Structures are given as structure tokens and as C-alpha cells.
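Observations on the three-dimensional arrangement
One letter stands for each residue in the lines below.
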Amino acid sequence: MSHPNKPDVVVKTRSLCPEVRERDALRLIAELESAKLSALEESLKTLQAAVDRAEGHEERQWQDWLEEYSKTGKKEDGYRAVASAPFMDDVPDVVRRKILENVPGTKDEAWVAMKTLPLSRSQRRKLMNRERWVVHLFAGGEKRGDPLHHLEDSDTAVLEIDVTRSKAWDLTREDGAFRVLLWGACQGRVVAVVGGPPCRTFSLLRHREKPGAPTPVRSPQHLWGLPELSGQERSLVDGDSLLMCRMAWLWMVADCNADKKVDFFMEHPQSPRRWLKDKELAAVAPSVWESSLMAALEEQGMREYHFDQGALGHPQRKPTTVMTTLYIPELVDAKDERTEWPTPPTSSSMAAWAPGLRRALFLALEAKTERFVRKLLTPKEVEAWKAHV
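Residues numbered from 1 in each chain as written. Predicted model: local features only at pLDDT ≥ 70, side-chain atom pairs only at ≥ 80, totals over all residues. Heavy atoms only, no water.

**Some remarks on the overall build of the protein chain**
Summing up its helical and strand segments, the protein chain has 14 helices and 8 strands in all. Residues counted as buried form 45% of the 389 residues belonging to the protein chain. Contacts spanning at least 24 positions in sequence make up 62% of the contacts within the protein chain whose residues lie at least 6 apart. (Helix = DSSP H or I, 4+ residues; strand = E, 2+ residues; numbered from the N terminus. Buried < 20%, exposed > 50% of the residue type's maximum accessible area, 1.4 Å probe, protein only. Contact = heavy atoms within 4.5 Å.)

Right, dumping it as C-alpha cells:
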């Protein structure tokens, strides 16, 4: 009996019953007990966090625990923040426990953590020396001429993160890239979090009755996953839910540690109930915009834009909603007036942002930088602007 990472186990049969050597049996038993112990320890941490909230901590709000997590960097405090947030009550606990993780305690520890990133030593050094990080999650493949690249300067780094560029950018991994982002957020370096989380488990196509089409895995009543999912489906749904939650909580951690408001920009398909003529189909289609998490973000001063990316240069109509801290006039009532659209050649081409959306986001972010203001104002006016913000 062979395993890719463990020693072979010799198996013999006696009276048609398989037998292994005693030393192999003892090793296998020890490995099983170790795995069970790790699971038990994780369960005990979750239970302890719940007990703490019930005994003497019930007066502390999720914002208090978020501040505590920002100071200690301990996963337990991060879980307390997530678990005590009422807008996270409907999110499965297996997802909530993974959202925030241990943060490097020192700059040296952060440097070691950065070695997990798919960056050269010079790129890591540049990132460490930049005081402002614009974090672009789910950035897709590399794109020449992307306007967001122009946000880079001697003080600002633009981090483009996507698992299609490197598996090391997998944001569901523990002790990986997300740990570095959390360190930057706790240090007050993250100034913007932008991205469009995967929408495959929310896709309207799952609810159209077509041969060979993927089956539904979410519903308006079960936004975080249908109860009867297979193991593979549950893993896919929980993974995508974790990505969505990690994006939102990265912003919350960053905003908690910043001197000025941290910008946020999240793109996702518009709720079918806003645009789809087939009302029966629209009624069964899920939308993340109807979740308690998105409602909580809106309560923190964000605004929603509902528009068609086809009006901004996308080959498809692509009805879209954006939740953001930014004022982006180009998105107001942008409607695609076409009546026919070409068949998308690939799912990645369908998921890509319209050129006009990228440019509008760049202009909104650049307008908040001191570099942009210096183009418009006198030195005396710049100082007044800096004092105001």
C-alpha cells in the first residue's frame, strides 16, 4: 500500500484477512490520533471563544474584538470579532473560523511570511518599503496597459492577486498570501481593497434547466449554500464564500487601523430581480447583494452602483452591481442599449472587467491621491487639503 508522501505499508493476508506489521499499525494509529487531536484543539478554540462571549464578554461588540485583533494579531481574537458580528450569523461556522488568521508580530516575521508570495526578492523588498498598498484581489490574468498600474509610485504598491497567475496567490490557504495582506492591513498600509470575487456558485446559468448545465448550489433562502450539497459541492461553495468574506474583512481590518478612510470596491453580478424579465427564474436565483454582509457594508457608508458593463466596452451586456466607498459618476445609470450580444468565447472573457470600468476605477482612486491634487492646486492649497483629509 503506497502513499505519495508517506512510507509504504506492507500488507499480507491471513485467512483472507489483510494484516500489516505492528510498527506500521502503530504509526498509522499515531497519525490518526494526531489528526483527531488537531481537530479537537480547533473545536476547543471555537468553544472557548463562545464561552468567553457568554461569560463576561457579552458587552463587547464585534468592533471591540476587531480592535483587539488588530493589536494582538491572534486568530482567536479574529474569530471573536467575526462570530460576534450579527451580519455573519448565517455564514457557516466552518467558513467564519477561517476568515482571519494569525498575523506576523514583527517586521522580521512579516518578511519571512512574504517569502510565500510569488514575488522576487527585489519585489518583496519594494513591497516592504512601500507605505501604501492598493490590493487588487481576483485580478485575473496579467493585462498590459491596465490603468490601475499607473497608481504605482515611490510610495504606493499595487498588488495584483489571482490564483490563475500562481497557486501561491490562493487566498483560501492558511499561512499564505492572505496572512501578508492582514499584516499590511494591521500596519495601516492597505489604502484600498478592490476586486470581483468568483461568481460561479451564484451563476444564473445554474438555475436554467439545460442539459449538462451545472446544478444550483445556493438559493435566496440559503445564500451560503444549500443544505443537501455533496462533499465536493460544499467544498466549492465554502471556498468561494471564504474568498468573499476575506475580501470584506480585509477591508474592515484595514479601515480599523487607518488614519483615513480605506477605499473599497467590490464588483459582482447584479441581482436578477433587478433586470431579468423571466420573473420565475429571477425568483430562484441567489445574489450576494441580498446578504446581511453586504447590508452591513452599506451601513458603513458605502454606496451601490447598478449598471451594464456593456455600456463601458464589454462585449456582453453583463448587468453589474458595485459596492464602494468611491464616487464614480461614470457608473451612474450606464445602460447597454444593444439588443443582441455575441456568444462569449470563454468564461474568463465574460468575467473580465470592461475597459471603461477599469478606467473609471483608476480615476476615482487617483483623485484621492496627493499626486493628483498637486496637479490642480497651489502648494498652499495642497497643505489645506492635507489638513482637511
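Having put the structure on the table, let's press on.
**Some words on helix α7 (residues 177-186)**
Burial within α7 is extensive, with 10 of its 10 residues counted as buried. Those residues of α7 not exposed but buried are Ala177, Phe178, Arg179, Val180, Leu181, Leu182, Trp183, Gly184, Ala185 and Cys186. Gly188 sits one or two positions beyond α7 and adopts a positive phi of about 75°.

**A word on the packing of aromatic side chains**
Here the structure, examined in full by the defined rule, presents 6 aromatic pairs. Note on Trp62 and Trp249: the rings are 5.7 Å apart at their centroids and 75° apart in plane angle, and the pair reads as edge-to-face. Residue Trp62 is found in helix α2 (residues 62-72), and its partner Trp249 is found in helix α8 (residues 231-256); the two are separated by 187 residues along the sequence. Each of the two residues, Trp62 as well as Trp249, counts as buried. An aromatic cluster is defined as three or more aromatic residues linked by ring pairs; in this entry it consists of Trp62, Phe87 and Trp249. Its guanidinium or amino end placed over the ring of Trp65, Arg60 lies 4.1 Å from that ring's centre, counting from NZ or CZ. The ring of Trp111 carries the charged tip of Arg125 above its face, separated from the ring centre by 4.3 Å. (Phe/Tyr/Trp six-rings, centres within 6.5 Å; stacked < 30°, edge-to-face > 60°. Lys NZ or Arg CZ within 6 Å of the ring centre and 35° of its normal.)

**Observations regarding the packing of helix α5 (residues 107-114) against helix α6 (residues 121-129)**
Here α5 crosses α6 at 140°, and the two axes come no closer than 11 Å. Compared by their axis directions, α5 and α6 come out oblique. Of the two elements, α5 crosses α6, and the hand of that crossing is right-handed. Mapping the contact onto sequence places Lys107, Ala110, Trp111 and Met114 in α5 and Arg121, Arg124, Arg125, Leu127 and Met128 in α6. Residue classes in the contact of α5 with α6 are distributed as 5 nonpolar, no polar and 4 charged. (Axes fitted to C-alpha atoms, helices over the stretch in contact; angles between N-to-C directions. Parallel < 35°, antiparallel > 145°, perpendicular 65-115°, else oblique. Left-handed = near helix turned anticlockwise from the far one by under 90°. Nonpolar A, V, L, I, M, F, W, Y, C, P; charged D, E, K, R; others polar.)

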